[in-house]
Amino acid sequence: LELRKRIAPNGEWILSTFGIRDHAPLLELFKELHAQEQKVVLLIIGKLRADFSLLSERLRKQIYITGFLNSKDVFLHLKVSDAFVMFDYVSKN
């Protein structure tokens, strides 16, 4: 609960992704959710691979970027997420 409160202090939904990805499509989805007035925080487990400066200051405050984490902490961050999104193809396995 402490981790969840740190990421989403106002009870927002936590939308997460993990790994080295092209985050541009995810940021577009995030902007659209906020345009629809959804209470959501974007949790990027790892490093951001998109132009963060294109987002408004208000949206940037709703994005939580962890940087590199060990596997135990990755699990804990995924566990507090309400939804996990990965737009790009990884592998058929």
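What counts, and where the lines are drawn
Residues numbered from 1 in each chain as written. Predicted model: local features only at pLDDT ≥ 70, side-chain atom pairs only at ≥ 80, totals over all residues. Heavy atoms only, no water. Salt bridge = Lys/Arg side-chain N within 4 Å of Asp/Glu carboxyl O. Helix = DSSP H or I, 4+ residues; strand = E, 2+ residues; numbered from the N terminus. Buried < 20%, exposed > 50% of the residue type's maximum accessible area, 1.4 Å probe, protein only. Core = buried A, V, L, I, M, F, W, Y, C linked by side-chain atoms within 4.5 Å. Contact = heavy atoms within 4.5 Å.

## As for the pattern of salt bridges
When the charged atoms of two side chains with opposite charge come close together, those side chains can pair. Inspection of every chain in the model, using the stated rule, returns three salt bridges. We note a salt bridge from Arg4 to Asp82, for which the minimum N-O separation is 2.8 Å. Taken together, the positions of Arg4 in helix H1 (residues 2-7) and Asp82 in the loop between helix H4 (71-80) and strand S4 (83-84) put the pair 78 residues apart, joining distant regions of the chain. Taking the relative accessible area as the measure of exposure, Arg4 reaches 24% and is therefore partly exposed. Using a relative accessible area of 34% as the deciding quantity, one classes Asp82 as partly exposed.

## A look at the nonpolar core
By size, the foremost hydrophobic cluster in this structure holds eleven residues: Leu15, Leu26, Leu27, Phe30, Val40, Leu42, Ile44, Leu55, Leu59, Ile63 and Val85. Of all the elements in the fold, those that place two or more residues in this core are helix H2 (24-35) and strand S2 (40-45). Look past the residues within four positions of Leu59 in its chain and what remains in contact with it is Phe30, Lys31 and His34. By size, the runner-up hydrophobic cluster in this structure holds ten residues, among which are Ile7, Ile45, Val74 and Val80.

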